[in-house]
Amino acid sequence: MVQYQPIDRTLAALADPTRRDVLERLGRGSATITELAEPYGISLTGMKKHVRVLEDAGLVATEKVGRTRRCTVGPRRLEDVSEWIGGYRQMLEERLDRFGDLLERTKGDTK
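Residues numbered from 1 in each chain as written. Predicted model: local features only at pLDDT ≥ 70, side-chain atom pairs only at ≥ 80, totals over all residues. Heavy atoms only, no water.

Draft legend 1. Layout of the sheet that holds strand 1 (residues 31-32). Overall, antiparallel pairing links the three strands, which are arranged 1-3-2 in an open sheet. This sheet does not close on itself; its edge strands, each paired only once, are strand 1 and strand 2 (60-65). Contacts from helix 2 (residues 17-26) reach strand 1, strand 2 and strand 3 (68-73) within the one sheet, and its direction differs from that of strand 3 by about 85°. The strands touched by helix 4 (residues 44-56) are strand 2 and strand 3; relative to strand 2, the strand with the most contacts, the crossing angle is about 120°. (Pairing = 2+ DSSP bridges. Helix = DSSP H or I, 4+ residues; strand = E, 2+ residues; numbered from the N terminus. Contact = heavy atoms within 4.5 Å. Axes fitted to C-alpha atoms, helices over the stretch in contact; angles between N-to-C directions.)

This is the structure:
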């Protein structure tokens, strides 16, 4: 079985637009699985699968309340993803800076 790092689970969870919408909705307050499924017209089973992926990534927490499952924003933040993106952005900016320097040095060499 493949063991995923937390950032892999986070990125996989955020890759789906429905799951991103669920996170946005939960940012406004808790909701049941039924309430989350309604706008999409999907089955409760389908929404439970989405919520499970978010829960496995630590982005959503669920609690059984009577016969329903209430969802809230989870304990995990996106700092690791932000840090990874920042490092990648810095690497690209450094490469573009070097390319710009190369263009400046070779500007007059095209005769």
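The rest of the description comes next.
Draft legend 2. Broad picture of the pattern of salt bridges. Applying the stated rule across the entire model yields two salt bridges. Between Glu55 and Arg52 there is a salt bridge; the shortest N-O distance is 3.5 Å. Taken together, the positions of Glu55 and Arg52, both in helix 4 and three residues apart, correspond to about one turn of that helix. Assessed through its relative accessible area of 48%, Arg52 is described here as partly exposed. Here Lys107 and Glu104 are joined by a salt bridge, their closest N and O atoms 3.5 Å apart. One exposure class covers both Lys107 and Glu104, and it is exposed. (Salt bridge = Lys/Arg side-chain N within 4 Å of Asp/Glu carboxyl O. Buried < 20%, exposed > 50% of the residue type's maximum accessible area, 1.4 Å probe, protein only.)

Function cannot be inferred from these measures alone, as they are strictly geometric.
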